[in-house]
Amino acid sequence: MKIQALETYTPHYQSNSPLIIAGPCSAESRQQVLETAEQIQKHTSANIFRAGIWKPRSRPGSFEGIGEEGLKWLQEVQQTTGMMTATEVAHPHHIELALKYGVNILWIGARTTSNPFSVQEIAESIKGVDIPVFIKNPINPDVSLWIGAIERILNTGNTKVAAIHRGFYPYEETKFRNIPKWEIPIEVKRNYPELPIICDPSHISGNVDYIQDICQKALDLNFDGLMIETHIHPKEALSDAQQQVTPEVLRNILNQLTVRNSNELTDELQQYREQIDSIDQQLLEMLAQRMDVIKRIGEYKRGRNITILQLRRWENIIKTRTLFGQKTGLDKDFVNDILQLIHKESIKEQNRIMNKLQ
Ligand code: PEP
Ligand code: MN
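Talk me through the environment of Ala218; I want residue IDs and the actual numbers.
Take Ala218: it is sitting in helix 9 (residues 211-220). Given the relative accessible area of 0%, Ala218 is considered buried. Setting aside chain neighbours within four positions, we find Ala218 in contact with Trp182, Cys199, Phe223 and Leu226.

Rendered as structure tokens:
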């Protein structure tokens, strides 16, 4: 069973340019939805209008979506702009209502993808329904969980399936709201080469500053589309206010993008290289974080006049890390060499702090 290419079910879209999905994080009012859609259509060539009708919020009491009423506004958007519409569904009841009001594309949100029970329930309720389903990555960087959700939908016989990459919860400190970890969508694509992948730079970035760069990176990696949160008055948005752009800004972002020739980039070797690039970047970020902690230790030791080298601690580091390294399949000498190198640099840094060298 072959996954269908996006152009087979999205009119006006051609695969030599990215599929553009734009619209607010949430549908808030009829006016907000219709004006945003009208401006998107006026300024850009976006193909699909998105709006959340039911919003998964971390804490109760914040805006949890307008509900059924908003689906009527999406119908109006279809009529007035001709754009297709898309919304998030997390429950069979959402699907029933979305179908009742003729939503064109459903997407499964990151929190829902994290739960196989929910995905299975959704799969069972769309069985036999001819509607595209886009699956966001789960919150945690688990390739199997994401692929598993995609397979649960594919198993229903639905071939209009695509993945949406929206980044992963950052356990480490990072400038992003959600770490892109590009190697993960690339790995999904390696498993399902014909699966379209759409990037959602808005939820990766968490603010408007990095959207342009993330979009370009996605295109450089041969992603098939972009989903960008767009609001007529971002500052007044009831959810995700910091990351939404106006339709004019969306136009500028799209105009500045360079669409590259994809032939070379689909090459398997190139995909592996992209994975390596992303992993190396994370390795270096982690090393920089380690060095920040080392600096704090240096200050602490200087304040209390403690020696830099604590032999027992160092022996313990070598022992535990070598053991852990072996468990992951790494060569013992290799782990040892890396640790020695890191330790040497740490001692140097602490020495600099201890002796107030520049
Ligand atoms: C959204 O698209 O507004 C949303 C809630 O996204 P995610 O599921 O990626 O957090
Ligand atoms: Mn959002």
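Please give an account of the site of ligand 1 that cites residues and values.
Around ligand 1, the neighbouring residues are Cys25, Arg50, Lys55, Glu88, Trp107, Gly109, Ala110, Arg111, Lys136, Arg166, His203 and Glu229. Within the side chain of Lys55, one N or O atom sits 2.9 Å away from an oxygen atom of ligand 1. Of the residues contributing to the shell around ligand 1, the split by class is 3 nonpolar, 2 polar and 7 charged.

Pulling in residues and values, what's your account of the packing of aromatic side chains?
Summed over all chains, the structure comprises 4 aromatic pairs. A ring pair is formed by Phe176 and Tyr210, whose centres lie 5.5 Å apart and whose planes are at 75 degrees; its orientation type is edge-to-face. Taken together, the positions of Phe176 in the loop between strand 6 (161-165) and helix 7 (183-191) and Tyr210 in the loop between helix 8 (201-205) and helix 9 put the pair 34 residues apart, joining distant regions of the chain. Over the face of the ring belonging to Tyr210 we find Lys175, whose NZ or CZ atom lies 4.7 Å from the ring centre. Lying over the aromatic face of Tyr300, Arg304 brings its terminal NZ or CZ to 3.9 Å of the ring centre.

Outline the pattern of salt bridges, listing residues and values.
Counted according to the given criterion, the structure contains 13 salt bridges. Residue Glu345 is joined to Lys348 by a salt bridge in which the shortest nitrogen-to-oxygen separation is 3.5 Å. Here Glu345 pairs with Lys348, and both are found in helix 13 (residues 332-354), just 3 residues apart, close to one helical turn. Here Glu345 falls in the partly exposed class, since its relative accessible area comes to 35%.

Cut-off values and rules
- Residues numbered from 1 in each chain as written.
- Chains lettered and ligands numbered in written order.
- Predicted model: local features only at pLDDT ≥ 70, side-chain atom pairs only at ≥ 80, totals over all residues.
- Heavy atoms only, no water.
- Helix = DSSP H or I, 4+ residues; strand = E, 2+ residues; numbered from the N terminus.
- Buried < 20%, exposed > 50% of the residue type's maximum accessible area, 1.4 Å probe, protein only.
- Contact = heavy atoms within 4.5 Å.
- Near = heavy atom within 4 Å.
- Polar contact = N/O pair within 3.5 Å; in protein donor to acceptor, adjacent residues only side chain to side chain.
- Nonpolar A, V, L, I, M, F, W, Y, C, P; charged D, E, K, R; others polar.
- Phe/Tyr/Trp six-rings, centres within 6.5 Å; stacked < 30°, edge-to-face > 60°.
- Lys NZ or Arg CZ within 6 Å of the ring centre and 35° of its normal.
- Salt bridge = Lys/Arg side-chain N within 4 Å of Asp/Glu carboxyl O.

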